Amino acid sequence: MNRDRNILFWLIGFAKPYIFWLIIAFSSMILVAYFELLIPYKIKEVIDGILTGEMTRELIKLSAYSILSFIATIFIFSSLFSYILNISGQKIMFSIRESLFRHIVKLPQSYFDSNDVGRITTRVTNDINALNEFYTNVLVQLVKDFLVVIGVIFLIISFNSLLGLIILGINIVVIILALLYKERLRRVYSNLRRTISQLNSFINESIRSISLLKMYNKEQLNYRRFLCYSENNYQANLDQMYTFAMFRPFIEFTTVFTAGVIIWVGSHQVIQKSMSIGELLAVLFYLRMMFKPILDLADKYNILQSALAASENLFSIINTSSEKNGKKLFNKNFKSIVFKDIWFSYANDNWILKNFNLEIMNGDSFVLIGSTGSGKTTILNLILGFYKPQKGEILIDGTPLDSYDMESIRSNFSVIMQDTPLFNNVPNEDDFHNIDVIRSIGEKQIQNIKTMMDRTFQVIVLDEATSNLDLDLEKDVKNYLEKIENKTSIVIAHRLNLIKDNDIIILLQNGEIIEKGTHSDLIQEKGSYFDIFRLNQNFFKN
Ligand SMILES: Nc1ncnc2c1ncn2[C@@H]1O[C@H](COP(=O)(O)OP(=O)(O)O)[C@@H](O)[C@H]1O
Ligand SMILES: [Mg+2]
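Residues numbered from 1 in each chain as written. Chains lettered and ligands numbered in written order. Predicted model: local features only at pLDDT ≥ 70, side-chain atom pairs only at ≥ 80, totals over all residues. Heavy atoms only, no water.

A. Just the overall build of the protein, in detail. Each helix and strand in the protein was counted, giving 16 helices and ten strands. Computed over its C-alpha atoms, the radius of gyration of the protein comes to 36 Å, more than 25% above the 24 Å expected for a compact globule of 542 residues. Oriented by its inertia axes, the alpha-carbon framework of the protein measures out at about 120 × 50 × 45 Å. Looking at the protein residue by residue over its 542 residues, the buried ones come to 42%. Looking at the protein alone, contacts between residues at least 24 apart form 76% of all its contacts between residues at least 6 apart. Surface exposure of the protein reaches about 30600 Å², of which carbon and sulfur atoms provide 59%. For the protein, the centre of its 55 positive side-chain charges and the centre of its 54 negative side-chain charges are spaced 5 Å apart. (Helix = DSSP H or I, 4+ residues; strand = E, 2+ residues; numbered from the N terminus. Rg over C-alpha atoms; globule rule 2.2 N^0.38 Å. Buried < 20%, exposed > 50% of the residue type's maximum accessible area, 1.4 Å probe, protein only. Contact = heavy atoms within 4.5 Å. Areas by Shrake-Rupley, 256 points an atom, 1.4 Å probe, with all protein chains shown as cover. Lys, Arg positive; Asp, Glu negative; His and termini not counted. Charge placed at Lys NZ, Arg CZ, Asp CG, Glu CD.)

B. Just the packing of helix 6 (residues 161–208) against helix 9 (residues 277–319), in detail. At their nearest, the axes of helix 6 and helix 9 sit 10 Å apart, and the two run at 20 degrees to each other. With respect to helix 9, the element helix 6 is oriented roughly parallel. The two elements helix 6 and helix 9 meet at a crossing, and its hand is right-handed. Where helix 6 approaches helix 9, its residues Leu163, Ile167, Ile170, Asn171, Val174, Lys182, Leu185, Arg186, Tyr189 and Arg193 are matched on the opposing element by Leu280, Val283, Leu287, Met290, Phe291, Ile294, Ala298, Tyr301, Asn302, Gln305, Ser306 and Ala309. (Axes fitted to C-alpha atoms, helices over the stretch in contact; angles between N-to-C directions. Parallel < 35°, antiparallel > 145°, perpendicular 65-115°, else oblique. Left-handed = near helix turned anticlockwise from the far one by under 90°.)

C. Here's a closer look at the nonpolar core. Phe81, Leu85, Ile92, Met93, Ile96, Leu100 and Ile104 are the most contacted members of the largest nonpolar core, which has 37 residues in total. The element contributing the most residues to this core is helix 3 (residues 57–104), with eleven residues. The residues contacting Leu85, other than those within four sequence positions of it, are Leu22, Ala25, Tyr135, Thr136 and Val140. (Core = buried A, V, L, I, M, F, W, Y, C linked by side-chain atoms within 4.5 Å.)

D. Quick look at the sheet that holds strand 2 (residues 351–361). Sheet architecture is open: four strands sit in the order 2-1-4-5, paired in antiparallel fashion. Two strands bound the open sheet, and with one partner strand each, they are strand 2 and strand 5 (399–400). (Pairing = 2+ DSSP bridges.)

E. Here's a closer look at a nonpolar patch on the surface. Taken together, the side chains of Ile172, Val173, Ile176, Leu177, Leu180 and Phe250 make up a nonpolar region of the molecular surface, amounting to roughly 540 Å² of accessible area. Residue contributions to the nonpolar patch peak at five residues, all from helix 6. Position of Val173 among the secondary structure elements: in helix 6. (Patch = residues over 30% accessible without salt bridge, like charges linked within 9 Å, V, L, I, M, F, W, Y side chains within 5 Å. Salt bridge = Lys/Arg side-chain N within 4 Å of Asp/Glu carboxyl O.)

F. Inspection of unusual backbone geometry at higher detail. If you check the backbone angles, Asn217 has positive phi at about 55 degrees while not being a glycine. Topologically, Asn217 is positioned in the loop between helix 7 (210–215) and helix 8 (219–271). With phi around 50 degrees, Asp397 is a residue other than glycine that occupies positive phi space. Looking at the element boundaries, Asp397 is found in the loop between strand 4 (391–396) and strand 5.

G. Focus on the pattern of salt bridges. Taken as a whole, this structure holds eleven salt bridges when the rule is applied. For the salt bridge of Glu36 with Lys144, the shortest nitrogen-to-oxygen distance reads 3.4 Å. Linking Glu36 in helix 2 (residues 19–52) with Lys144 in helix 5 (residues 117–159), this pair joins segments that are 108 residues apart in sequence. Close ionic contact of Arg123 with Asp127 constitutes a salt bridge, the shortest N to O distance being 2.6 Å. Of this pair, Arg123 and Asp127 both sit in helix 5, four residues apart, which is roughly one turn of the helix. The exposure classification of Arg123 matches that of Asp127, with both residues buried. Taken together, the shared-partner salt bridges in this structure form one network comprising Arg248, Lys292, Asp296 and Asp299.

H. Local environment of the sheet that holds strand 10 (residues 512–517). Pairing in this open sheet of six strands is mixed, and the strands run 6-7-8-3-9-10 from one edge to the other. The sheet is open, and its two edges are formed by strand 6 (413–416) and strand 10, each paired on a single side. Sheet twist, expressed as the mean angle between neighbouring strand axes with direction ignored, is 15 degrees. Taken together, the four bridges between strand 3 (residues 365–370) and strand 8 (residues 488–492) define a ladder with parallel strand orientation. Bridge pairing in strand 8 links Leu368 to Ile492. Those strands touched by helix 10 (residues 376–383) are strand 3, strand 6, strand 7 (459–463), strand 8 and strand 9 (504–509), and its axis lies near 145 degrees from that of strand 8.

I. Fine view of the pairing of strand 8. Counting buried positions over the five residues of strand 8 gives five, a clear majority of the element. On strand 8, burial covers both faces: Thr488, Ile490 and Ile492 on one face and Ser489 and Val491 on the other are all buried. Inspection of the sheet shows strand 7 paired to strand 8 by five bridges, in the parallel sense. Within the sheet, the bridge partner assigned to Val461 lies in strand 8 and is Ile490.

J. Representation of the environment of Asn502 within the structure. Inspection of the secondary structure puts Asn502 in the loop between strand 8 and strand 9. Note: C-alpha distance between Asn502 and Asp364 (138 residues apart in sequence) is 9.1 Å. Dropping the residues within four chain positions of it, Asn502 is found in contact with Ser365 and Thr518.

K. A look at the domain arrangement of the protein. Each assigned domain of the protein is listed here: domain 1 (2–319) and domain 2 (336–541). Here the C-alpha centroids of domain 1 and domain 2 sit 56 Å apart. (Domains from an automatic or database assignment.)

L. Highlighting helix 5. Between the first and last C-alpha of helix 5 there are 60 Å, a value that for 43 residues agrees with the 63 Å anticipated at 1.5 Å per step. A bend of about 40 degrees at Arg123 is the largest found in helix 5. (Expected span 1.5 Å × (residues − 1). Bend = angle between axes of the 7 residues up to and from the residue.)

M. View of the site of ligand 1. Within the structure, ligand 1 sits among Asp113, Tyr346, Ile352, Ser371, Thr372, Gly373, Ser374, Gly375, Lys376, Thr377, Thr378 and Tyr387. Measuring from an oxygen atom of ligand 1, one finds a backbone N or O atom of Gly375 at 3.0 Å. When ligand 1 is considered free in solution it has 560 Å² of accessible area, and contact with the protein chains removes 65% of it. Ranked by residues supplied to the shell around ligand 1, first place goes to helix 10 with three residues. The class makeup of the residues in the shell around ligand 1 is three nonpolar, seven polar and two charged. (Near = heavy atom within 4 Å. Polar contact = N/O pair within 3.5 Å; in protein donor to acceptor, adjacent residues only side chain to side chain. Nonpolar A, V, L, I, M, F, W, Y, C, P; charged D, E, K, R; others polar.)

And the structure:
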């Protein structure tokens, strides 16, 4: 309940700037409902007038004009409110989309680990559209329909209480049946939404990994799985169709049935002179007006359900707190970055770093080596604030990383992560449109390295940035690293080519530092590094 209220407040927040227009739309809507109710009433007056002979030709003409003017008024004001709703709806959706996207890009990296791209894309596009549809086609319409139904029942009772009570009774039966039906409708629609989203996700995944599928000859398997999802969606659509095939005819039947009852009971009343012919006709008109909204109810209920589901999805994104960002600015002449008793896991209790300690002084150059999965990239992820350690602290000059403005840190870091796509290094519009030029991964690395070298920075971070370069280019990078001696560098490398004489080498194993020192230190130690070095040497000799 509380949560529902929060969602509502959140949504209303976006509508606030348009409150003036919404009031106009709402007033127009009430006006339209009023005139719609007035027309049958006017017709009743004319007919009764003619039958009693009270209506002169002149009066009939006048009444016809006034009915015409009602219709014109209805037309103008319903156009006005639908215009206002559509325009403000688009504006509101625009700002929801904007605030959502801004929020999403600030979410912590862990969010993206557990939510796939397809899902997030659906949130920003489809879910917002579902809200829009509810806002423009249902919200105000529903209020209007409600007013009309209440007005109709009230008017009919004022004409003839017996007919009024009959109609009220039938209405109550319909409402009870509709409520019983609601559960089925809800199930059918949520099924439909679920199967569509599964199908979308599956297609998304298949297309993205198409080369993998081909490589492992999994195309047939993939196709069968696709058919399965597609079939589910097909069934859900059929289900929805059958459900509708029952609902609509039922309401249509009720309309006709009620009309029959009204004519039967009504004509008796007319003969007994307790009701006029005009009133009987008006009641029949009102009957149509009353059942029309009920007929549309199933559609509207669907839109309402989608909108509810959508707003819940959107709200859960908004409710995921974004990366914490402090105020403190990064000092270029920092003294040290310290990992103090860090415990970190990506998920559950699968500790990647256990009580990890490391001190990086300004100007140091570190080289991290260690087998795949030993936690090298994880260490960088933590320094750059992509993930937060569960225990322990990262301190820059004694101040926790959390207190820093991450932007000021990242702007002083020149980073090439292992899986940085070229896109991340594309700062301007022109390049932006060129990213579809296919390049080899090595070419992307060259481009990344060039971009990185052009930046002014204090700390350079390379995560296997040269793994796809040929040895000549790797040598260029090494020369470059040698030239920037007053900067701090953290380099992850698989090959040992990038190691310089006074680099501090850190050998990682399962998230623990097992050896630390310069090349000559570690060679003298004759430990694991020594073995790795010898292996490398032999490899190059052969
Ligand atoms: N996003 C992630 N979610 C869950 N586990 C992860 C994630 N990234 C890395 N890991 C796991 O953390 C461990 C260390 O990974 P990583 O630091 O990338 O290793 P390295 O860079 O040394 O190859 C590995 O066991 C890896 O499977
Ligand atoms: Mg790595």
